[in-house]
Amino acid sequence: AIAFAEKLSARFGGDVHSYRPFGTAKWLLAEARIDGIDGAALPDHIDFATARSEFYEQPTALPTVYDASIKRDLARRDFTINTLAIQLYPVFGRVLDAFNGLPDLRAGIIRVLHSLSFVDDPTRILRAVRFARRLNFTIEPRTNELIATALPMLRRITGERVRNELTLLLDEPDPAGAFLELERRGILRAIHPAFVIDDDITRRVSTPAPDWAADVDATALTWLLLLIRVPLADLPALSERLLLPKSHADSLLAAAELLDHAAVLRDPEAKPSAISARLDPLDDLARAALWITLNDDMPRTSLTLYAQRWRSIRPITDGAALKARRLKPGPCYGRLITRLRAARVDGDVTTDADEIALLDRLLHEGFCDDGRA
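All residue numbers refer to position in the chain's written sequence, counted from 1. This being a predicted model, a pLDDT of at least 70 is required before a residue's local features are given, and a value of 80 or more before pairs of side-chain atoms are given or counted; all residues contribute to the totals for chains, interfaces and linings. Side-chain numbers come from the whole structure's heavy atoms, not from hydrogens or water.

> Before we move on, can you summarise the packing of helix H7 (residues 159-170) against helix H8 (residues 175-184) with the specific residues and values?
Geometry of a packed helix pair, given as the angle between the helix axes and the separation of the axes. The axes used here are C-alpha line fits, helices contributing only the stretch in contact, and every angle between their N-to-C directions lies in the interval 0 to 180 degrees. Helix and strand assignments follow DSSP, with helices taken as H or I runs no shorter than four residues and strands as E runs no shorter than two, numbered in order from the N terminus. Two numbers describe how H7 lies on H8: the axes approach to 8 Å, and their chain directions differ by 135°. With respect to H8, the element H7 is oriented oblique. Note on element contacts: H8 touches H7 through Pro175, Ala178, Phe179 and Leu182, opposite Leu166, Leu169 and Leu170. Grouping the amino acids of the contact of H7 with H8 by side-chain chemistry returns seven nonpolar, no polar and no charged. By the definition adopted for this analysis, an angle is roughly parallel if under 35 degrees, roughly antiparallel if over 145, roughly perpendicular if from 65 to 115, and oblique otherwise. Residues count as neighbours in contact if any of their non-hydrogen atoms are within 4.5 Å of one another. Polar here means any residue other than Ala, Val, Leu, Ile, Met, Phe, Trp, Tyr, Cys and Pro, which are nonpolar, and Asp, Glu, Lys and Arg, which are charged; Gly is therefore polar.

> Please set out the pairing of strand E1 (residues 15-19) residue by residue, giving values where relevant.
Two elements, E1 and strand E2 (residues 24-28), share five bridges in a ladder whose sense is antiparallel. Bridge assignment links His17 to a residue of E2, and that residue is Lys26. Pairing between two strands requires that DSSP report at least two bridges joining them. The antiparallel pairing of E1 with E2 creates a hairpin that spans four residues between the two strands, and Gly23 there sits at a positive phi of about 65°.

> I'd like a rundown of the packing of aromatic side chains, residues and numbers included.
What counts as a ring pair is set by centres within 6.5 Å for rings of Phe, Tyr and Trp (its six-membered ring), and what kind of pair is set by the plane angle: stacked under 30 degrees, edge-to-face over 60, tilted for all other angles. Within this structure, the stated rule accounts for six aromatic pairs. Arranged with centres 5.5 Å apart and planes meeting at 85°, the rings of Phe4 and Phe48 form a pair that is edge-to-face. Here Phe48 lies in strand E3 (residues 45-49) and Phe4 lies in helix H1 (residues 2-12), a separation of 44 residues in the sequence. Measuring from ring centre to ring centre gives 6.5 Å for Phe12 and Trp27, while their planes differ by 40°; the resulting arrangement is tilted. Within this pair, whereas Phe12 is found in helix H1, its partner Trp27 is found in strand E2, the two being separated by 15 residues in sequence. For Trp27, a relative accessible area of 4% gives the class buried. Site record: aromatic cluster; members linked through ring pairs are Phe4, Phe12, Trp27 and Phe48. Ring-over charges, as used throughout, are those where CZ of Arg or NZ of Lys falls within 6 Å of the ring centre and within 35 degrees of the ring normal. Directly above the ring of Trp291 sits Arg300, whose terminal nitrogen or CZ lies 3.9 Å from the centroid. When a residue's accessible area, from a 1.4 Å probe over protein chains only, is under 20% of the maximum for its type it is buried; when over 50% it is exposed; and in between it is partly exposed.

Structural data, given as structure tokens:
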């Protein structure tokens, strides 16, 4: 396969990325030029794989591969509908169906190839659900039994592999429905006991991000929306189990903590500065997850006002201005600037002169003379 891909690249252009241990190659077609074919009609890439077989030295491990016949190669597939091949030479267009994939394809059935398939690679459990939902196929009874039996094996799969498979579900037409099915089958709890999905998930993942968060990573946002209702105490362990990127895990924890103490966002009497103080430590990813999760006007208005107005408000006073007043550098610098910003956000100070007057008053009243300066 690698040699074939390299010959195509030499003739038509385009780069080849190969992985010799598995005998695979990826032909990238961005720079390829094929006579008679509009470049815009070409796919991004074409994958090539040498016919091979494999064995698992232990369950859930990555396989060891070796060259084999096409039939042995097709026997590695996840399900019978994945075992179909079309011959190009010497009989062009001949369908190879060694495992009755065509009857299952016509009947809309997901059927595993052998009884240890899910033990060898438990991520096939997740793919079975993904394919069944995407194609509106039925997982046949024996395959369902094998899934249920193999659920404990999911705990032995690395967090990265599990997360990658679950992330593919997020691109399906109904990701919430897919995750609810995973929960119904006990698959999420098999991954981690705290991995639970609440009934509001369908609304959350189908709600678009607010305009002020249009640039947040859509996949990361969906992950936050999936997990934000998990009990707060369980989130660090679940994030670690799924090997969420640290920035996403931090955003998730910050959003969940504020969700548990969201009264300030719902309080019509809360000052803008009090709301800003709670929202300042969060990033837009966390704030967007909160906006979607808190499905009522008051918190959404507060989050929008913060994003569009309050967070950009800054006092004119900075460290240099305080130093020019011969104020000793220290923690009081931050306290003073925070106090002046709060006055600006709340509208108590509207001009530079007002701010300077407030600063003078605070210093005169001994704002920095309480032992914390």
